[in-house]
Amino acid sequence: MPRTARDVVFVDGVRTPFGKAGPKGIYHETRADDLVVKCIRELLRRNPDLPPERIDEVAIAATTQIGDQGLTIGRTAGILAGLPQSVPGYSIDRMCAGAMTAVTTTAGSIAFGAYDAVVAGGVEHMGRHPMGEGVDPNPRFVSEKLVDESALFMGMTAENLHDRLPHISKRRADEFAVRSQEKAAKAYANGKIQQDLVPISVRRTSPEGGETGWGLATADEPMRPGTTLENLATLKTPFRPHGRVTAGNSAGLNDGATASLIASEDFARELGLPVRMRLVSFAFAGVEPEVMGYGPVPATKKALAKAGLSIEDIGLFEINEAFAVQVLSFLDHYGIADDDERVNQYGGAIAYGHPLASSGVRLMTQLARQFEERPEVRYGITTMCIGFGMGGTVIWENPHFEGNK
């Protein structure tokens, strides 16, 4: 019997405030799985019309799947969050696009009819588990020159992208970074971010290691409002002498988690759940690993072709700012100005942070908020580069689009 694919919608999304990785970060004494649990519980609290037993799957991504990010975290976090034991779960790894892949993979299952509603998200506690911890890259990669050795170090791949695109200067990257900080500060001032943040109780310790009590994390820790070009010009280039990539024009090392509710549109309407975005198409693409930041370009080309759209049809862009040069390469390819108001209206990862596998859902949550404010916009994109030479793009339709009425 032939099947008809069902429309898939983004119902809701939340995240923890993002923290700085390391002993001074807000989550130094907090478990990664507890961050996910808080996000799942908040989704249930915000959507009381969804009976927990109606959730068909919990898909949680983590890049480093060991310790408190291991043990099939989708299943364990679901149980810890109080979901019925009948709700299954699994874990995903696509490096930076983990949460994005959790959404697209489960969305395919919803469209097929295997699921009605899922929780999809990601977590990364880079303070406890640095990227690459415990991995053992096959020596053939380098010995047989399958990839350049720099492909194993994300900062070096950003320098390589600068080499390929020499017109993208360090100053231009710094200018983009300053705008990201300014837009993030403005978004906070206007209350655009806080409504989707889950406050987290955190245990604080002194530099000497002694406990100093408990606090509440309610805002992103990495933000640096007031950043200036003059400040950024003085920063070191840790990946190459006299390079162009600095801590100021790239995302830092961060801790945090995200979670979203994804459902079939008919199921959401039946239960009275909000429909905040409608999935149009998605695509992943590979590029040379040593210039992994270019990945969003072919991924977007594929996603647009699948949707029968052009870049001119896209009214809003949420582009992950792993490195400024990566975003600028995308904008240049598609003829979009650096300061185009459609791009990262609330700022991006350079300001908020980029806890690897969690970031895809942050992009979606921010796009959903913008859709509510911009009913004249029909389509938006969430896109990101992915370690070891990939890119991922999801195209969304605004259900509030005035042309639909």
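Residues numbered from 1 in each chain as written. Predicted model: local features only at pLDDT ≥ 70, side-chain atom pairs only at ≥ 80, totals over all residues. Heavy atoms only, no water.

- If you look the protein chain up in an unreviewed UniProt entry, it shows as Acetyl-CoA acetyltransferase from Streptomyces iranensis.
- The Sequence similarities (unreviewed entry) comment attached to the protein chain in UniProt states, word for word, "Belongs to the thiolase-like superfamily. Thiolase family." (UniProt positions renumbered as here; feature names shortened; annotations may be inferred.)

Quick notes on the overall build of the protein chain
Move 1: In terms of regular secondary structure, the protein chain is built from 12 helices and 12 strands.
Move 2: Relative to its length of 405 residues, the protein chain is compact, with a C-alpha radius of gyration of 20 Å against a globular reference of 22 Å.
Move 3: The dimensions of the protein chain, computed from C-alpha atoms along their principal axes, are 60 × 55 × 50 Å.
Move 4: Each of the 405 residues in the protein chain was classed as buried or not, and the buried ones make up 58%. (Helix = DSSP H or I, 4+ residues; strand = E, 2+ residues; numbered from the N terminus. Rg over C-alpha atoms; globule rule 2.2 N^0.38 Å. Buried < 20%, exposed > 50% of the residue type's maximum accessible area, 1.4 Å probe, protein only.)

With respect to the UniProt feature "domain: Thiolase C-terminal" (unreviewed entry) in the protein chain
Move 1: Annotation from UniProt places "domain: Thiolase C-terminal" (unreviewed entry) at residues 276–397.
Move 2: Along residues 276–397 the backbone is 34% helical and 26% strand, and the end-to-end C-alpha distance reaches 9 Å.

As for the pattern of salt bridges
Side-chain pairs of opposite charge can arise where the charged atoms are in close proximity.
Move 1: Here the structure, examined in full by the defined rule, presents 29 salt bridges.
Move 2: Where Arg31 meets Asp33, a salt bridge forms, and the shortest distance between an N and an O atom there is 2.9 Å.
Move 3: A relative accessible area of 9% places Asp33 in the buried class.
Move 4: For Glu373, the salt bridge identified is with Lys192, shortest N-O distance 2.8 Å. Taken as a pair, Glu373 in helix α12 (residues 359–373) and Lys192 in the loop between α6 (170–189) and β6 (200–205) lie far apart in primary sequence, 181 residues in all.
Move 5: A residue is classified by how much of its surface remains accessible, and Glu373, at 36% relative accessible area, is partly exposed. (Salt bridge = Lys/Arg side-chain N within 4 Å of Asp/Glu carboxyl O.)

Quick look at helix α10 (residues 324–333)
Move 1: Counting buried positions over the 10 residues of α10 gives eight, a clear majority of the element.
Move 2: Where α10 is concerned, the buried positions are Ala324, Val325, Gln326, Val327, Leu328, Ser329, Phe330 and Leu331.
Move 3: Of the surrounding elements, those touching the buried residues of α10 are α5 (154–164), α6, α9 (296–307), β10 (314–319), α11 (349–352) and β11 (379–386).
Move 4: Count one or two residues on from α10 and you reach Gly335, which has phi positive near 65°. (Contact = heavy atoms within 4.5 Å.)

Describing the packing of aromatic side chains
Move 1: Evaluated as defined, the whole model comprises six aromatic pairs.
Move 2: Centroid distance Phe10 to Trp396: 6.0 Å. Interplanar angle 75°. Geometry classified as edge-to-face. Of this pair, Phe10 sits in strand β1 (residues 8–15) while Trp396 is found in strand β12 (residues 390–397), placing the two residues 386 residues apart along the sequence.
Move 3: Judged by its relative accessible area of 0%, Phe10 falls in the buried class.
Move 4: According to the relative accessible area criterion, Trp396 is buried, its value standing at 1%.
Move 5: Measuring from ring centre to ring centre gives 6.5 Å for Tyr188 and Tyr352, while their planes differ by 40°; the resulting arrangement is tilted. (Phe/Tyr/Trp six-rings, centres within 6.5 Å; stacked < 30°, edge-to-face > 60°.)

Re the environment of Gly13
Move 1: Tracing the backbone shows Gly13 in strand β1.
Move 2: By relative accessible area, which is 0% here, Gly13 ends up buried.
Move 3: Contact partners of Gly13, with chain neighbours within four places excluded, come to Leu43, Arg46, Asp196, Ala259, Ser260, Arg276 and Thr365.

So, the state of the cysteines
Move 1: Summed over all chains, the structure comprises zero disulfides.
Move 2: Not engaged in a disulfide, the cysteine Cys96 finds its nearest cysteine sulfur in Cys385; these two sulfurs lie 5.9 Å apart.
Move 3: For Cys96, a relative accessible area of 5% translates into the label buried. (Disulfide = S-S within 2.5 Å.)

A short note on unusual backbone geometry
Move 1: Phi at Thr72 takes a positive value of approximately 50°, unusual for a residue other than glycine.
Move 2: The backbone of Asn344 shows a phi angle near 45°, a positive value even though the residue is not glycine.
Move 3: Within the secondary structure, Asn344 sits in the loop between α10 and α11.
Move 4: By relative accessible area, Asn344 is classed as buried at 0%.

Concerning the packing of α5 against α10
Move 1: Interhelical geometry of α5 versus α10 gives an angle of 40° and a closest axis separation of 9 Å. As α5 packs across α10, the resulting crossing turns out to be left-handed. Within the contact between the two elements, α5 uses Ala158, Leu161 and His162 and α10 uses Val325, Gln326 and Ser329.
Move 2: Within the contact of α5 with α10, the residues separate by chemical class into three nonpolar, three polar and no charged. (Axes fitted to C-alpha atoms, helices over the stretch in contact; angles between N-to-C directions. Left-handed = near helix turned anticlockwise from the far one by under 90°. Nonpolar A, V, L, I, M, F, W, Y, C, P; charged D, E, K, R; others polar.)

A closer look at a nonpolar patch on the surface
Move 1: Taken together, the side chains of Val142, Leu152, Phe153, Met156 and Phe239 present a nonpolar region at the surface, about 390 Å² in accessible area.
Move 2: With respect to the helices and strands, Phe239 occurs in the loop between α7 (229–233) and β8 (254–264). (Patch = residues over 30% accessible without salt bridge, like charges linked within 9 Å, V, L, I, M, F, W, Y side chains within 5 Å. Areas by Shrake-Rupley, 256 points an atom, 1.4 Å probe, with all protein chains shown as cover.)

A few points about the environment of Ala102
Move 1: With respect to the helices and strands, the residue Ala102 is situated in helix α3 (residues 98–112).
Move 2: Placed 20 residues apart in sequence, Ala102 and Gly122 show a C-alpha to C-alpha distance of 7.8 Å.
Move 3: With residues up to four places along the chain from it excluded, the contact list for Ala102 reads Ala59, Ile92, Ala120 and Gly121.

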